[in-house]
Amino acid sequence: MNTVAMDKGRQDLMAARNRAEMALGGIYEISKLLAAPNRLEPTLSGVLALLSSFLDMRRGLIALLTPDGTAELVVGSGWTEANAKQFFQRLPERAIGQIVVTKMALVVPDVSRDPLFSRSAPEEYRAESGVVSFIGVPIKQGDSVLGTLTIDRVQTSSDHPVPFDSDVRFLTMVANLVGQALRLHKVVAQDRERLLGEQARLAKERNEVKGRSNITVKGIIGHSHALMDVLEKVKRVARSNSTIMLRGETGTGKEMIANAIHNQSPRKNGPFIKLNCAALPESVLESELFGHEKGAFTGALNQRKGRFELAHGGTLFLDEIGEISPSFQAKLLRVLQEGEFERVGGTRTLKVDVRLVCATNRDLEAEVAKGAFRADLYFRLAVVPLFLPPLRDRRDDIAPLAQEFLTRFNHEHGTQLALNPAALAMLESCYFPGNVRELENCIRHTATLARTKLLADGDFPCQKEGCLSAMLWKGVNAEPPHPVMAPTAPEPVEPHGDLDRAHLIDAMEKAGWVQAKAARILGLTPRQIGYALKKQGIPLKKF
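To start, this report covers the structure provided alongside it. Each residue is numbered by its place in its chain's sequence as written, counting from 1. In keeping with the predicted nature of the model, local features appear solely for residues at pLDDT of at least 70, side-chain atom pairs appear and are counted solely at 80 or more, and the whole-chain, interface and lining totals rest on all residues. Excluded from the side-chain calculation are hydrogens and water; included are all heavy atoms of the structure.

## Let's talk about the pattern of salt bridges
For step 1, the next point in the chain: We define a salt bridge as a contact between a side-chain nitrogen of Lys or Arg and a carboxyl oxygen of Asp or Glu at a distance within 4 Å. Within the structure shown, the criterion is met by 28 salt bridges.
For step 2, the next point in the chain: Residue Arg 408 pairs with Glu 404 through a salt bridge whose shortest N-O separation is 3.0 Å. Separated by four residues within a single helix, Arg 408 and Glu 404 lie in helix H14 (residues 398-413), roughly one turn from each other.
For step 3, the next point in the chain: Buried, partly exposed and exposed residues are distinguished by accessible area as a fraction of the type maximum, computed with a 1.4 Å probe on protein chains only: under 20%, between the cut-offs, and over 50%, respectively. For Arg 408, a relative accessible area of 30% puts it in the partly exposed group.
For step 4, the next point in the chain: Salt bridges linked by common partners bring Glu 323, Arg 362, Glu 367 and Lys 370 together as one network. Numbered from the N terminus, helices here are DSSP runs of H or I no shorter than four residues, and strands are runs of E no shorter than two.

## Re unusual backbone geometry
For step 1, the next point in the chain: Unlike most non-glycine residues, Glu 320 shows phi in positive territory, near 55°.
For step 2, the next point in the chain: Summarising the element assignment, Glu 320 is placed in the loop between strand S8 (315-319) and helix H11 (326-338).
For step 3, the next point in the chain: In this structure, Asn 435 is a non-glycine residue whose phi angle is positive, near 60°.
For step 4, the next point in the chain: Topologically, Asn 435 is positioned in helix H16 (residues 435-448).
For step 5, the next point in the chain: Look at Asn 435 and you get buried, because its relative accessible area is 0%.

## Side note on helix H19 (residues 515-522)
For step 1, the next point in the chain: Along H19, the residues that are buried comprise Gln 515, Lys 517, Ala 518 and Ala 519.
For step 2, the next point in the chain: Among the residues trailing H19, Gly 523 stands out with phi positive, at a value near 75°.

## Examining the sheet that holds strand S3 (residues 106-108)
For step 1, the next point in the chain: Two strands form a pair only when DSSP identifies at least two bridges running between them. If you walk across this open sheet you meet the five strands as S2-S1-S5-S4-S3, and the pairing is antiparallel. In this open sheet, the two edge strands, each paired with only one partner strand, are strand S2 (71-76) and S3. Strand after strand, the sheet turns through a mean of 15° between neighbouring axes, direction not considered.
For step 2, the next point in the chain: Summarising the sheet, S3 and strand S4 (residues 131-141) pair through three bridges and their orientation is antiparallel. Along S4, the bridge assignment pairs Val 107 with Ile 135.
For step 3, the next point in the chain: A contact between two residues is defined here by any heavy atoms of the two lying within 4.5 Å. Every axis in this analysis is a line fitted to C-alpha atoms, fitted for helices over the stretch in contact. Angles between the N-to-C directions lie between 0 and 180 degrees. Packing against the sheet, helix H2 (residues 40-54) makes contact with strand S1 (59-65), S2 and strand S5 (144-155), and its axis sits at approximately 45° to S2.

## Describing the side chain of Asp 319
For step 1, the next point in the chain: Residue position: Asp 319 is located in strand S8.
For step 2, the next point in the chain: Buried Asp 319, no salt bridge; nearest opposite-charge side chain is Lys 254, N-O distance 5.4 Å.
For step 3, the next point in the chain: When sequence neighbours within four positions are dropped, the list of residues in contact with Asp 319 reads Lys 254, Leu 275, Asn 276, Cys 277, Ala 278 and Ala 359. Only four residue types enter the charge count: Lys and Arg as positive, Asp and Glu as negative, with His and the chain ends excluded.

## Focus: the packing of aromatic side chains
For step 1, the next point in the chain: For Phe, Tyr and Trp, rings pair up if their centres lie within 6.5 Å, where Trp contributes its six-membered ring, and each pair is then called stacked (planes under 30 degrees apart), edge-to-face (over 60) or tilted (otherwise). If you walk through the whole model with that rule in mind, you get seven aromatic pairs.
For step 2, the next point in the chain: Ring centres of Phe 290 and Phe 308 lie 5.8 Å apart, and the angle between their planes is 20°; this geometry places the pair in the stacked category. A residue pair is termed long-range when its members are at least 10 positions apart, and Phe 290 in helix H9 (residues 282-290) and Phe 308 in helix H10 (residues 307-310) qualify at 18 residues. Here the two residues Phe 290 and Phe 308 agree in accessibility, since each one is buried.
For step 3, the next point in the chain: Taken together, the ring pairs in this structure connect Phe 290, Phe 308, Phe 328 and Phe 341 into an aromatic cluster.

## Considering H11
For step 1, the next point in the chain: Every helix has an expected span of 1.5 Å times one less than the residues it contains. For H11, which comprises 13 residues, the first-to-last C-alpha distance of 19 Å matches the rise-based estimate of 18 Å (1.5 Å per residue) to within 8%.
For step 2, the next point in the chain: Looking at the buried residues of H11, the elements they touch are H9, H10, strand S9 (340-342) and helix H13 (375-381).
For step 3, the next point in the chain: Once H11 ends, the next one or two residues include Gly 339, with phi positive near 70°.

## Concerning the nonpolar core
For step 1, the next point in the chain: For this analysis, a nonpolar core means a set of buried residues of the types Ala, Val, Leu, Ile, Met, Phe, Trp, Tyr and Cys, connected via side-chain atoms within 4.5 Å. Leu 289, Phe 308, Leu 316, Leu 318, Ile 321, Ile 324 and Leu 381 are the most contacted members of the largest nonpolar core, which has 27 residues in total.
For step 2, the next point in the chain: At the level of secondary structure, the elements contributing two or more residues to this core comprise strand S7 (272-276), H9, S8, H11, strand S11 (355-360) and H13.
For step 3, the next point in the chain: Setting aside anything within four residues of it in sequence, one finds Leu 316 in contact with Ile 273, Leu 289, Arg 307, Phe 308, Ala 311, Val 354, Arg 355, Leu 356 and Val 357.
For step 4, the next point in the chain: In this structure, Leu 64, Ile 135, Val 174 and Leu 182 belong to the second largest nonpolar core, which totals 26 residues.

## What about the pairing of S11?
For step 1, the next point in the chain: The buried fraction of S11 amounts to six of the six residues, a majority that puts the element mostly inside the structure.
For step 2, the next point in the chain: Of the two faces of S11, the one lined by Arg 355, Val 357 and Ala 359 and the one lined by Leu 356, Cys 358 and Thr 360 are each fully buried.
For step 3, the next point in the chain: Note that strand S6 (residues 244-247) and S11 share four bridges and pair parallel. Residue pairing in the sheet places Met 245 in a bridge with Cys 358 of S11.
For step 4, the next point in the chain: Both S8 and S11 contribute to a ladder of four bridges, which runs parallel. Residue pairing across strands places Leu 318 opposite Cys 358, the latter belonging to S11.

## Comments concerning the packing of H14 against helix H15 (residues 421-428)
For step 1, the next point in the chain: With their axes 9 Å apart at the nearest point, H14 and H15 run at an angle of 120° to one another. It follows from the interaxial angle that H14 and H15 lie oblique. Two packed elements cross with a definite hand, and for H14 against H15 that hand is right-handed. Judged by residue contacts, Ile 398, Ala 399, Ala 402 and Gln 403 of H14 engage Leu 424, Leu 427 and Glu 428 from H15.
For step 2, the next point in the chain: A class-by-class count of the residues in the contact of H14 with H15 yields five nonpolar, one polar and one charged. Note on angle classes: values under 35 degrees are labelled roughly parallel, values over 145 roughly antiparallel, values of 65 to 115 roughly perpendicular, and the remainder oblique. Throughout, a crossing is termed right-handed when the near helix is turned clockwise from the far one, and left-handed when it is turned anticlockwise from it by less than a right angle. For this scheme, ten residues count as nonpolar: Ala, Val, Leu, Ile, Met, Phe, Trp, Tyr, Cys and Pro. Four count as charged, namely Asp, Glu, Lys and Arg, and the remainder, Gly too, count as polar.

## Some remarks on the packing of helix H18 (residues 501-510) against H19
For step 1, the next point in the chain: Following both chains from N to C, one finds H18 and H19 inclined at 120°, their axes separated by 8 Å at the closest point. One element, H18, and the other, H19, form an angle in the oblique class. Both H18 and H19 take part in a crossing whose hand is right-handed. Listed contacts from H19 to Leu 504, Ala 507, Met 508 and Lys 510 of H18 are Gln 515, Lys 517, Ala 518, Ile 521 and Leu 522.
For step 2, the next point in the chain: Counted by class, the contact of H18 with H19 contains six nonpolar, one polar and two charged residues.

Written as structure tokens, this is what we have:
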């Protein structure tokens, strides 16, 4: 081998080493750039800028494609985004298609001589001197092609020819890094979208809760979820003229809710008229609702307007609607169907504009099933049923209600009584079959007999064998709707001694089926008696 050949070999080896070192440095710099938390467009533009520092290239393009092959995003070295996209669209479709379909690199040493470019090569590929070559590699994610990375270069005849294989390897590694970066960008974008959606959902829920917690109605005290649900529904139903049927146990505040519906409705400036249907016999009820003419019956000394007339332009609240007789149900149905009536003893037909709100604590569906309440009237009255929760389902409201009742007592009697934490905890554990009225009775009873200014749990009647609920239901054979005391989760704690079923039932009867009271009678803890009742299979009598 002559000296010239040896020198050339050394030069080629050095050039190869230099290219390898540059490629390694280039991969390192590009990987750092792709790992940085930047937007996708400037990141890809930065990749092309780095490529121009490590490769003999004139122009470069990174194009991200949609599944149908349309260019979704194109960035170029030295191009604006719009110009880069226009240039990419002028590239021969067959050339880009070959890269995408074969998922392999495409090398065109001379675009002027290659069939893929000869007829449709962009003007930018025409060099005044030298040869324009083209290299394109696919950007892949797994087995899918996401886009292409392409470069071109101009090589004059005086240049030493640059081998394409090393450039193809380098560009393929860069394209693989870009593909991984795109996958990470997609994951980050999905996570960001999910987090933004979750943030929006939480903000919406927070605003709803805040809005609901800000709902206040005069006379109604509490902030429990169950109460807020009712007040939010009141706000919605108040806007319409639909007939409302309030359902709930005695003492749940049906009249207050009816008043709230009126005060939040467009009729708030009109009258709010109420009538308890259970308090009057049928003959008097008809006169109260429809009015009467002078001389219509004995004692009718003057003409009198009924509640329907008095409520014109406002709201009429009929409490205990489930107590009216079948014959009166027919009369009320006629008024609701035709919107007109006559006074008792009169012949003149009257029309009024009234929004009707009814209330009952009876099971009207059962009454309809057995024929005691007309189905057609039921559907007229229960257009929008609204169920009011009992106090036992509003435990968070017991403490503020108790405080309010004690405040009223203090104001009326000039006292300064207060409830200690143990008293509040004891009240929150009670079931209150009589609901808010029973709680108020309990507070007033205890406050009246108070010996000190601070009421403790031991001051309440239920701690001194004087629970009003227990006395009310003691000896009742029929099962009432709910237990007096809130049920507790029994733990498997064996009571002292072996209690038989008869002793347990006897103690529960004496205690009015109040577990805590029966436990004191037997010398047990509430959990022990709960376990004993469960073991003996004794169901709690329900109120």
